[in-house]
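Overview (structure and organization)
Spelled out from the first residue to the last, the chains are:
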Protein chains: 2
Amino acid sequence: VSKRAAIAGRLKAVRRALVERGAAALFVPSSDPHLSEYLPSRWQARAWLSGFEGSAGHMAITRDRAALFVDSRYWEIAEQAVAQSGIEVVRVLRHEPQHEIWLCSALNAGDSVLVDGASIGVVLGEALRKGLASHAIELRFDADPLDGVWLDRPALPRAPVFEHPEGHAGRNRAEKLRLVRDRMQMSGATHHFLSSLDDLAWLLNLRGSDIDYNPFFIAHALLALDGAQLFIAGGKLGHAIEAALHADGVTLRDYGSAFAALSALPAGSRVMLDPARVVLAARAAVPDHAVVIETSNPSTLIKARKTDHEIAQIRETMIEEGVAFCRFYSQFEKSLATGRVWGEYEIHERIAAERARSPLFVTPSFASTAAFNANGALPHYSPRPDQQEQIRGDGLLLVDCGGQYLGGTTDVTRVWPIGQITNAMRRDVTLALKGLIALSRASFPRGTPAPALDAIARAPLWAEGIDYRHGTGHGIGYFLGVHEGPHYLGGPISPHSALESGVVLTIEPGVYRLEQWGVRIENVLVTVPRTDRGFGDFLGFETLTLCPIDTRCILPQMLDPAEVAWLDSYHATVRDRLAPRVDGEAWAWLRERTQPLCAQEPGN
Amino acid sequence: VSKRAAIAGRLKAVRRALVERGAAALFVPSSDPHLSEYLPSRWQARAWLSGFEGSAGHMAITRDRAALFVDSRYWEIAEQAVAQSGIEVVRVLRHEPQHEIWLCSALNAGDSVLVDGASIGVVLGEALRKGLASHAIELRFDADPLDGVWLDRPALPRAPVFEHPEGHAGRNRAEKLRLVRDRMQMSGATHHFLSSLDDLAWLLNLRGSDIDYNPFFIAHALLALDGAQLFIAGGKLGHAIEAALHADGVTLRDYGSAFAALSALPAGSRVMLDPARVVLAARAAVPDHAVVIETSNPSTLIKARKTDHEIAQIRETMIEEGVAFCRFYSQFEKSLATGRVWGEYEIHERIAAERARSPLFVTPSFASTAAFNANGALPHYSPRPDQQEQIRGDGLLLVDCGGQYLGGTTDVTRVWPIGQITNAMRRDVTLALKGLIALSRASFPRGTPAPALDAIARAPLWAEGIDYRHGTGHGIGYFLGVHEGPHYLGGPISPHSALESGVVLTIEPGVYRLEQWGVRIENVLVTVPRTDRGFGDFLGFETLTLCPIDTRCILPQMLDPAEVAWLDSYHATVRDRLAPRVDGEAWAWLRERTQPLCAQEPGN
């Protein structure tokens, strides 16, 4: 069966179910019961129904139409994925609820829309319910609408869970539980329900591999002030972990009984939950005799501020990663010089292999990108073994990759020159670099919302009429998710996005010229205190990533003296930190690529 | 009776009323039935009860405590105003609901809080109601709680209403009504209720003088698709205006009958109203058989984008204002040179007098500031005739003033050197100037939310550890309010703050050194299209204000060449536009103060 025929058959089955259930449409959110960034295949209903496998994008299916709603990262990719399937691609900008608008215009008053209440978040679900209600359309989450439709649906992941060793984790489980319970008591909560896997992994100092790229395990938890229940599939925990959890007051329950435990809360309970990180079915399970306190998970804010121990570990991890780059790029450049042609996927694999030599390495932290020329203009392009572009001729190679290490999570993007590159390319790289430097050097008052800093990185590109259609950066977990809130450089200003010291995040401005080339330069940084000069506490950034920024791609005359000084100082740091760990060709490469700009001939 | 004794007596009367009504507290919002920026004295209950007369700040009174909640502009001023009255000043940062937190901690479950439903906005009132409810405290708006307490309460203002002449207004009333009704139909609304005085004045091309500084008249309106009711006190409109309104389908009704008209809406009505600009009592008057469509007023967005006609008028108005500055400052400097001492209030009066010589001038647009040295460090200081500081000795004079003209509303701030000034002062002025220039020169994609640009102006000051505790700028009306949404440079990113071309706003970074001096430089600018270079529509700014920035207050070595070029080009524009209109001493002054930096000796 061709992919196109398979998709057609699945849409037909959905429409049959719509008729049987008397519904006009099915809404398929791009989410699972844990509102994870990467979905286990069991919950990849949208990919199964559309063939579009991007990391985000809702879907709606009526009796005669179907649509995918994707943000700007995926506009081009989604069009390609659903070509000739009859599925429309609706472009979403700035979090507009296009799915709501589309459903309201496609349906009539009195119609109803099905959704799986166990896989749609409270915030998205409530907004959709209200939006539809204003057009007299009902949102129904009575039972899983894919029951009887998705016959070969994958099972729950069952990978084993392991301890995050205390030497890496820093704080122990009992201390973390106490920190969260302190916040519960401050809010007058008796219980706290958690579905978000990053919070659970952090809180319990446990890790797993149920999710691609993220060291998470599938579970829910219900904390009381004097104990906790962990809802997790059997067979995932070893005896040692079970005993350790028991010692910390954590009781094990079946994964499927989490919402029932909420239903059984005694009268007078005050249960804290985060509507952005809990599904509608969980929220709805809380009985009327209990009070829901809607607030962000305390652990989200606590873990966003890394401890000194964690920051020290991340500095070590960056050395591990930097050494891998020196080894990979020295081999890559040597090989290019001999005329051997590499493929994008091969680069991706070779970097992963160099990273894996570190004893601290666990897995990649996302689907890495090695994108040559026009492929680099698709911000979330990933090469596949069967479709890789050969790195042949002249142009820019964009590499975006990262790792999960026991001592932190990494994410780095660089562009490298292949053969001869043009000054138009160098100009774009220099502008992205100017954006990176502008924000990396910035100071700002403690408490500034992270999104408010976005424009500082964009301003040098805006001045040339250039913009990039993604955020300037994102918070990053500690051996957890590579994208973690609440600190995003871009998007709406949330009440929790106020910056404090110890927040680890990326800065990654870019320039994307469709069908030509793409540029992005990305570092991981941590906020650090600056001297108070009479206007209150100020913060600045310390760059953590240790990887040369290839000066062959830069037009030095576009940089002002302060920018040149920043770049030279950065390269001196990279060289000093990595030098003790590399030798031979890797060291020669590092020395060459970290030459100060002032010592180089202009252009090449 | 001393002020302190009077306040004590008023608080006692409130507490007596609390006991009589069985309530635990009174909440007094800083608002009126029109949610105006400047309140007619009839609705200045907070000032009457506390003695603090700032433009913003809620108050709460319990049986044994009282508190004022003020934003950073008023922290120092409010402390002074309520000293020794027993009223606490609670400092509010970033729109935190401190009043809610304070009430919840001061009261007990089961208590109730009174508020006047006719003077509290839907948004503020609903948020307060929910916040209190989560602590089992009830918000009651059953009847005006100051009835029987405020015995000498001022009556409704009764100033006459006048036409905004069509030559200045541009669009006529029928066209504006049609534009708004188009938006009503797009939203499926049958009615539209308006209480906001800027919207009403714009929509009807009428102006009044019921409000200080704003050319507004007190009224509500209920638009249908084929007619409109204007609720306004009798005797304010002349026969000609009544006839003109009648011709445009506008029926006159008594001011007090507005909420009753909402109650009388027929079944099936769909009434559009802006919860940020309508009071709770109006929202509550809509019957259950009608649907409320909550959205921002269409007129708010329409009038924020000035027409080409309006922008041309504003350019003319800026010449009128610039001429007044040349005349005032040339006299002022000449007089200073002869040793005569001026008072701050005298400066304020003299500038107003020079402005008033323009045939287009109507009134000042706000309480202007002339603040010498330490007074300049209080961002909203205004001199009074009885308390004015004499401009004597050395230091910085900060002047912030603006006018209502038939062809637009102005707002400008400059600092002037008196005697010898220090390089520390010059450094602060130069940093504020760098902030102004950075944003004035910026380009950005069409649709960028205005608050996202805030950091561009702050970055040069942040780099030196300096911040200012107010927004970077605000939208400004066209012979309307001097502060008009939805475009604020700062604060939360609202869905309506996306910038389009033709938006007129201020940029006004500052440096405030408490008990030393204050610096602020403010221009009015308009957004203009920039060339599309392949990344979509871009915008930039054109500066409209025509007033020299005194280069004697600047350290030229702190400016980079692009900043010097901006300043020299600005001064060339100021000189070219004003030169045909000034002569004699005013011209000599203008020529001297608009010399390019490159032609000057460093320092002085």
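You'll find the structure just up there.
Below: a short report on this structure. (Residues numbered from 1 in each chain as written. Chains lettered and ligands numbered in written order. Predicted model: local features only at pLDDT ≥ 70, side-chain atom pairs only at ≥ 80, totals over all residues. Heavy atoms only, no water.)

**Digging into the pairing of strand β12 (residues 250–253) of chain B**
Residues and elements named next belong to chain B. The pairing of strand β11 (residues 228–231) with β12 spans four bridges and is parallel. Paired with Q229 across the bridge in β12 is T251. After leaving β11, the chain enters helix α9 (residues 239–247) and then returns to the sheet as β12, a path that is right-handed. (Pairing = 2+ DSSP bridges. Helix = DSSP H or I, 4+ residues; strand = E, 2+ residues; numbered from the N terminus. Right-handed = clockwise from strand over helix to strand, strands pointing away.)

**Some details on the packing of helix α13 (residues 308–337) of chain A against helix α18 (residues 584–593) of chain A**
Residue and element names in this part refer to chain A. Viewed as axis vectors pointing N to C, α13 and α18 meet at an angle of 90°, and their least axial separation amounts to 8 Å. On the basis of their axis angle, the class for α13 and α18 is roughly perpendicular. The residues of α18 that touch α13, namely those facing F325, C326, R327, Y329, S330, E333 and K334, are E585, A586, W589, L590 and R593. For the contact of α13 with α18, the class distribution of residues is six nonpolar, one polar and five charged. (Axes fitted to C-alpha atoms, helices over the stretch in contact; angles between N-to-C directions. Parallel < 35°, antiparallel > 145°, perpendicular 65-115°, else oblique. Contact = heavy atoms within 4.5 Å. Nonpolar A, V, L, I, M, F, W, Y, C, P; charged D, E, K, R; others polar.)

**Section: the environment of G475 of chain A**
All names here are of chain A. Residue placement: G475 occurs in the loop between β24 (473–474) and β25 (488–489). Linking G475 and A450, residues 25 residues apart in sequence, is a C-alpha distance of 9.5 Å. Beyond its immediate sequence surroundings of up to four residues, G475 is in contact with V482, H483, E484, H487, V504 and L505.

**Quick notes on the relation of the copies chain B and chain A**
Rotating chain B by 180° and translating it 0.1 Å along the rotation axis places it on chain A, where the RMSD comes to 0.1 Å. Expressed as an axis order, the relation between the two copies is that of a two-fold axis. Counting the interface residues of chain B, we find that 100% of their copies in chain A are interface residues as well, pointing to one common contact surface. (Least-squares fit on C-alpha atoms with pLDDT ≥ 70 in both.)

**Some thoughts on the pattern of salt bridges**
Residue and element names in this part refer to chain A. Going through the model one piece at a time under the given rule, you end up with 72 salt bridges over all chains. For E346, the salt bridge is made with R340, and the minimal N-O distance between the two is 2.3 Å. The salt bridge involving D454 is made with R458; its shortest N-O contact spans 2.8 Å. Residue D454 and its partner R458 are located together in helix α16 (residues 454–462), separated by four residues, close to a single helical turn. For the pair formed by D454 and R458, the shared burial category is buried. Several salt bridges share partner residues, and in doing so they unite D198, D199, R277, K303 and E484 into one network. (Salt bridge = Lys/Arg side-chain N within 4 Å of Asp/Glu carboxyl O. Buried < 20%, exposed > 50% of the residue type's maximum accessible area, 1.4 Å probe, protein only.)

**Quick look at the side chain of K434 of chain B**
Structurally, the position occupied by K434 of chain B is in helix α15 (residues 423–441). For K434 of chain B, the side chain forms a polar contact with the main-chain oxygen of M558 of chain B, separated by 2.5 Å. (Polar contact = N/O pair within 3.5 Å; in protein donor to acceptor, adjacent residues only side chain to side chain.)

**Here we look at the sheet that holds strand β30 (residues 538–543) of chain B**
All names here are of chain B. The antiparallel open sheet is built from four strands, whose spatial order is β23-β30-β29-β26. If you trace the sheet from one side to the other, it starts and ends with β23 (444–445) and β26 (504–507), each paired once. Relative to β30, strand β29 (residues 523–530) is paired through six bridges, and the arrangement is antiparallel. Bridge pairing in β30 places P529 opposite L539.

**Describing the packing of aromatic side chains**
Applying the stated rule across the entire model yields 33 aromatic pairs over all chains. On the numbers, 5.9 Å between centres and 90° between planes, the contact of F328 of chain A with W342 of chain A is edge-to-face. Here the residue F328 of chain A occupies a position in helix α13, and W342 of chain A occupies one in strand β15 (residues 342–343), the gap between them amounting to 14 residues. The burial state of F328 of chain A is the same as that of W342 of chain A; both residues are buried. Consider the rings of W416 of chain B and W589 of chain B, whose centres lie 6.0 Å apart with planes at 50°: the pair is tilted. (Phe/Tyr/Trp six-rings, centres within 6.5 Å; stacked < 30°, edge-to-face > 60°.)

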